[in-house]
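Results of the structural survey
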Amino acid sequence: MKKLCFLIIVSCFTTSASETPVIPKELTAFLNDYCIQCHGPKKSKADFRVDQLRIIENASQAEEWQLVLDNLHLGEMPPEDEKQADTKLINKVTEWIEKELSRARKVLKGHTGEVVLRRLNRFEYDNTIEDLFGVQGSFTDSFPEDAQEDGFDNNGAALMLSTAQIQAYMSSAEKVLNKTIKTGQRPVHKSDERNLQMQNKGLWGQHAKRQKSYKSETPEQTRIRLDKLPPKERKKQLEDQKKFQQDPYWDFIYPAWENGKLRAPRPNDPETTEYAYYRTSFGYQNPRSSMYIQKPGWYKFTINAYAVRTQVEGIRLKITHSSPRPGIIPKLSGYAYLKENTPQEYSFDVYLEKGERVRVQEADKGSKWMTAKEGLKYQGPMTIIKSIKFEGPIVKQWPGKGHTNLLGNTDINKLNKDQVRELLSNFAPKLFRRHVGSAVIEKYTVLFEQFAKTVSPAEAYKLTLKAMMVSPRFLYHQEAAGKVDDYALASRLSYFLWRSTPDDELLKLAKQKKISQQKILKEQISRMLQDKKSERFLKDFTKQWLQTYKVGEIMPDKQLYPKYDKLLEEAMVEETQSFIKEVFRNNLSIDNLIDSDWSILNERLAKHYGIPGVKGLQMRKVKFDKAATIRGGLMTHASILNITSNGTTTSPVVRGVWLMEHLLGIPPSPPPPDVPPIEPDIRGATTIKEQLLKHREIQTCKECHKKIDPFGVALENFGVTGAWRLNYEALKPGKNKRMQLAKGKAVEPDDTIPSMGSYKNFDEFRKLIFKNRKIVYHNMAHKLATFALGRSLDFSDREYLDQIVMATAKKDKGLQTMVYELILNPIFRKP
Amino acid sequence: MNSNRRNFLKGAGVTLALPWLETFAASVPQNIQQRLLLIGVPLGLYKDAFLPKESGSSYQASEYLSIINQFRNNYTIISGLEHEGVNGGHSAESRLFTAVPSHMKNKSSLDQYLAQYIGKNTRFDSLALSAGSNNFSWTAGGSMVPAESKMANIYSKLFVEEKAASKAKVLAKLKHGQSIMDFVFEDAKSMSRKLTKSDRQKLEEYFENVRATEKQLLKAESWVNKPKPKINAKNNFSTEARDADIVKNYREVCDMTHLAFQTDSTRIITFGYFRQNDVVVPGVKSAYHALSHHGMDKSNIEQLNKIESQFFIGLKNLLSKLKNSKEGNGSMLDNTTIVVSSNLGNGNNHSTKNLPVIVAGGRYKHGQHLAYREGRYPLSNLFVSILHQFGVMDKSFATSTGPLKNFELV
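To keep things clear, this report deals only with the structure shown in the data block. (Residues numbered from 1 in each chain as written. Chains lettered and ligands numbered in written order. Predicted model: local features only at pLDDT ≥ 70, side-chain atom pairs only at ≥ 80, totals over all residues. Heavy atoms only, no water.)

Section: helix α28 (residues 774-789) of chain A
Residue and element names in this part refer to chain A. Filter applied, for reference: Secondary structure elements follow DSSP: runs of H or I of four or more residues count as helices, runs of E of two or more count as strands, with numbering from the N terminus. Here the expected span of a helix is defined as 1.5 Å times the quantity of residues minus one. Summary of the burial criterion: residues with accessible area below 20% of their type's maximum are buried, those above 50% are exposed, and those between are partly exposed, where the area comes from a 1.4 Å probe applied to protein chains only.
With 16 residues, α28 should reach 22 Å at 1.5 Å per residue; the first-to-last C-alpha distance of 22 Å fits that figure. Taken across its 16 residues, α28 has 13 buried, putting it largely inside the fold. Trailing α28 by a residue or two, glycine 790 shows a phi angle of about 65°, which is positive.

Set out below in structure tokens:
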């Protein structure tokens, strides 16, 4: 039946040739007059020929007309140094093209911009597991990386599959199930509060044990032991022995803090004693052996602490957790911003695997190692810790949500076929995100039966579930041919705003076929955005759209940028993430992306930007005095300026291309194959702009570079780390011939954008972009839609994007408004 | 051992009739182990320190090449090659050994392609290792093969015998895995009827991979009860990847490569030598990647040379090990083709032209610098030549135009 329909459409199109438009003579004349010289049989620049333009019969022909239209609209073509057509003529031409495109859209509808069966990517898989099974863990670590397409890693066409991936699906399903299904007793909740004396006591214990064993040695044994040691070690052992005899508590890790002074700790210090945490930049908080993590789960870690001697900034403690083995990158639990002389409790909910520990470190400085004696004389800023409390595992529900989802109250060890059928009828729709027919349930029930012949019912059930988790019904977003039903809509919505599986409410509404009603859809969007899970969308989208994940990939050169540090790096990423979050959550205008009179900063970043009056390490919204700072808008974010440079130099080409692709949505054509790239040179003789101008003298390079470079030249006053500069950084030999940082040539931040006009500096450039802000709105809609739909967009999506942009601009230009408009627009339901 | 074949090739030259060689290749005895090692250096090699100025056999060894000069007659330096249609600087990494133009979906890399032919003979079809990176190994479906960076894990996989009880467990798991694959295959089939054409194509990919996984599980099953090779080397390999210690990581990967080849655990290995940030190399203060964008600065270049020299020192050690391991009438090196290359011809400006290439070992006429006119031949022509050496007589590989001219077998 479906096939038949398809044939009819095609035949309609081909037989109604008489109604098919023809290219009007005026248009042919226009193309012959203004275009064919460069884009014709003789020359075909950018591999494009106008003499091959045809009445649209397929998507790729439409794309070519779209290209012509865009270039005419933007004033890119004909090039400024060529013969120009008059506006009236151009309007006539564009009018015809628009008409033809809109005709083609109707005819070709459903045959282009199609959604490709899309599998869950890593992030979606992880979130789905977390939401469905309530378990945590790195289940996707062994998954091959997901490829990116059009800037996002959730593009169905680019998400490939391999045997390695399938094997990884199998083993991770097993891990998930073993973690989810809990047959034992509810873990006992334990709580333990201590201070840092525990570490001192540990050390004293070690000393005592060692001295005791020395005592029991024969003189011969002692001699052998000492002979084996290198001289330094030998000396230290003997000294330690002497010290121990005088005072068994001479050594310690953390000194006590009393009346504003450090003193050596004693074993009989009262429980309330405070200790200074200064000597190491980190330390494992090793709770008493009873608190050693035996059971994976959620724990609450509370630290009561304050800072001393820090003047203004306070101290930022970084709390991480990991297995204590070396080489493992600890996961961040959070930060505690300690205030001067003001004790406060800071709590963190941490998911710990067996054997993992929580670790506390001063985030922004690594103190030198000092001996106990030296430490007592230490004068610098310190963290004072009153107490450390550890509680858990925190079990809200036993058995957990996942277990209940999979088994209800049924005993897994006594499962029979009928029970499995019932359990699966309940669970399969959640796992497969749609209604599951009884035939499919039956197939899986039979699979259970087969497994149960050779293994225990528990094992057989797990294997059955494993099969379900490797089935394409789970791994792919299923959408029936030709239409997006309520279930598919629920999934699209959920994987967009939560980056995860639809919850029970969404599935229920899908079952009742209510979710497609505009009113209910709106309510659901609002509910979903209020849920914490929507943070995943904001983070993931921002990270990929603006590529903030690239910050730190290339360390800025230490000689050229000596001030760059980890604290700045973290703040840079945080600024951009929080900036988008702030715009979105408060539904601020998209204009803020181009220019704003505020940003999210902390003291370190504000200092970097030269903005006074920001004290402390916490990121917060800062209002700008626009007369005093150039900052404002994404283009002045250090993160973006950093990722568009290579650690040593900046390149207007790279930055220009980046802006065109990510912020303006007018990606340039790729470079021709035979042009050698410019060789960066920091020896100070030439600037990159001088080199580029030379490059632009070459005719073949000129065409593209005069369009690209101006979008990057404007940013040249921002260095590799995003700091403002008037001159390039350079290295020159100083005294004793060592290379030293020196002032290079002056930056010349002026240029002309062919389609927008000239600018003298960055500020003027930003104003030009602001004047043309429509393209930024358009790009925003384009990026959001690409991400939301997980596919590449094409010309047939244009009219929808236009609608979204128009509707948003009419209302409040808000970023959140745009997300609503996108979801409510037919594009979101396009099959 | 393989003297017959050698004599034959000598007599006939390399232009012999193809069908003949094909049948000949099919009759190559299984105990002739021809191996392939692909090494990628994603940040490129600084040209002035690497590439000899002269071509031919009497070239003057460059700074880097003087490190491995003692093996001069066991390798060939090739310059002027590039991948047609592959661009994008670092993103060209994924295309280095696949040669698929950047605008197209990626396909099999040379190692994975060859593994289809010779992989079946060993416990592992191929190994993807990492001394800092490996984005080089790709499946036919355009999916990256995940690489292992902890050599201790590879050691266990290759040499540590499981206990009988866990063997039984492994077997049961493999069997269950096969049943699951079988089942989901059928399940997916019933699903595919309701999908659009383009969806069905995507599902086709799923089918192919499910079938291939099933095959892998079957192969694994057939190896479970075969004893693993016993070796003298202890498992002193790292259990954690200490990323900054690039030299140590690289050494371990090379040692593992040698062990894996020696025990015939696999005949195909790929790895990359890379580190984004700081490296533990004396005299190097800046990050490796930043240094590759040296901006012509002398001190940057000096530091970069130090990191790249370490690469050649490691290569020298690997070559000596292979050369000192006797095999048949020759050494392991004679039966191991090593290709070192990069996706960047110049790390400073991300150029993907004139890629650095070293081919060592195997049965080629070595000892020269083959300098082609820049851009004249694609690098994939070399891959065709290599395939031919393995008896896989394909006429082309991705963008190739034939085997590489003047690069001949002994």
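What about the interface of chain A and chain B?
By convention, interface size is frequently given as the accessible area that disappears when the constituent parts associate. Rule in force here: Note on definitions: a residue-residue contact is assigned when non-hydrogen atoms from the two residues lie within 4.5 Å. Note on terms: buried area is the combined drop in 1.4 Å-probe accessible area of two parts once they are placed together, counting the loss on both. Salt bridges are defined as contacts in which a side-chain nitrogen from Lys or Arg sits within 4 Å of a carboxyl oxygen from Asp or Glu. Counted as a polar contact is a pair of N or O atoms within 3.5 Å, where, for protein atoms, one must be capable of donating a hydrogen and the other of accepting one, and residues adjacent in sequence contribute only when both atoms are in side chains. Residue type decides the class: Asp, Glu, Lys and Arg count as charged, Ala, Val, Leu, Ile, Met, Phe, Trp, Tyr, Cys and Pro as nonpolar, and the leftover types, Gly among them, as polar.
Counting from both sides, the interface comprises 61 residues of chain A and, opposite them, 57 residues of chain B. Overall, the association of chain A and chain B removes approximately 5200 Å² of surface from exposure, summing both partners, and the carbon and sulfur fraction of that is 58%. Linking chain A to chain B there are four salt bridges. Notably, a salt bridge pairs A:Arg473 with B:Asp187, separated by 2.8 Å at the nearest N-O pair. The interface formed by chain A and chain B contains 25 residue pairs in polar contact (both at pLDDT 80 or more). Elements with a contribution of two residues or more to the side of chain A that touches chain B: α6 (163-180), α13 (438-452), α14 (457-470) and α15 (472-475) of chain A. The greatest single-element share of the side of chain A that touches chain B, amounting to six residues, is contributed by α6(A). Its residues placed into classes, the side of chain A that touches chain B shows 34 nonpolar, 14 polar and 13 charged.

A few points about the pattern of salt bridges
Inspection of every chain in the model, using the stated rule, returns 66 salt bridges over all chains. For A:Lys558, the salt bridge goes to B:Asp278, with nearest N and O atoms at 3.1 Å. Residue A:Lys558 is found in the loop between α19 (534-545) and α20 (566-585), and its partner B:Asp278 is found in the loop between β5 (268-273) and α9 (288-292); the two belong to separate chains. The partly exposed category is assigned to B:Asp278, whose relative accessible area is 28%. Close ionic contact of A:Asp750 with A:Lys689 constitutes a salt bridge, the shortest N to O distance being 3.1 Å. With A:Asp750 in the loop between β17 (739-746) and β18 (751-753) and A:Lys689 in helix α24 (residues 688-697), this pair connects stretches of sequence that are 61 residues apart.

A closer look at α13(A)
Residues spaced three or four apart along an α-helix face the same direction, because each turn holds 3.6 residues. Note the cut-off: In this description, one arc is meant: the one made by directions from the helix axis to the C-beta atoms.
Between the first and last C-alpha of α13(A) there are 21 Å, a value that for 15 residues agrees with the 21 Å anticipated at 1.5 Å per step. Where α13(A) is concerned, the buried positions are A:Val440, A:Ile441, A:Tyr444, A:Thr445, A:Leu447, A:Phe448 and A:Phe451. Looking down the long axis of α13(A), one finds its buried residues gathered within 155° of arc, a one-sided arrangement. Along α13(A), exposed side chains directed more than 90 degrees from the buried face belong to A:Ser438 and A:Ala439. Where α13(A) is buried, its residues contact α12 (417-432), α14 and α15 of chain A together with α6 (164-192) of chain B.

Here we look at the packing of α19(A) against α28(A)
Packed helix pairs are specified by the crossing angle of their axes together with the interaxial distance, meaning the distance between the axes. Residues and elements named next belong to chain A. What counts here: Throughout, an axis means a line fitted to C-alpha atoms (over the contacting stretch in the case of helices), and angles, computed between N-to-C directions, take values from 0 to 180 degrees. Crossing handedness is read from the near helix: turned anticlockwise from the far helix by less than a right angle, it gives a left-handed crossing, and turned clockwise, a right-handed one.
Their axes nearest at 11 Å, the elements α19 and α28 cross at an angle of 115°. Of the two possible hands of crossing, α19 and α28 adopt the one that is right-handed. Within the contact between the two elements, α19 uses Phe537, Asp540, Phe541, Gln544 and Trp545 and α28 uses Asn779, Met780, Lys783, Leu784 and Phe787. For the contact of α19 with α28, the class distribution of residues is six nonpolar, two polar and two charged.

Here we look at the pairing of strand β5 (residues 274-277) of chain A
Residues and elements named next belong to chain A. The condition that has to hold: Paired strands, as defined in this entry, are two strands with at least two bridges between them according to DSSP.
The side-chain alternation of β5 yields two buried faces, one formed by Glu274 and Ala276 and the other by Tyr275 and Tyr277. Sheet topology places strand β3 (residues 256-258) next to β5; two bridges connect them, and they run antiparallel. If you follow tryptophan 257 over to β5, its bridge partner there is glutamate 274. Examined bridge by bridge, β5 and strand β12 (residues 382-392) share three bridges and lie antiparallel to one another. Note on β12: the bridge partner recorded for alanine 276 is isoleucine 384.

Some remarks on the packing of helix α16 (residues 486-497) of chain A against helix α30 (residues 815-824) of chain A
Residue and element names in this part refer to chain A. Where we set the bar: For this classification, under 35 degrees means roughly parallel, over 145 means roughly antiparallel, 65 to 115 means roughly perpendicular, and everything else is oblique.
One way to put it is that α16 packs onto α30 with a least axis distance of 12 Å and a crossing angle of 160°. By the angle between their axes, α16 is roughly antiparallel relative to α30. Crossing of α16 against α30: the hand is right-handed. Residues Leu493, Phe496 and Leu497 of α16 form the contact with α30, whose participating residues are Val819, Leu822 and Ile823. Residues that form the contact of α16 with α30 fall into these classes: six nonpolar, no polar and no charged.

All quantities given are derived from atomic positions and should not be read as evidence of function.
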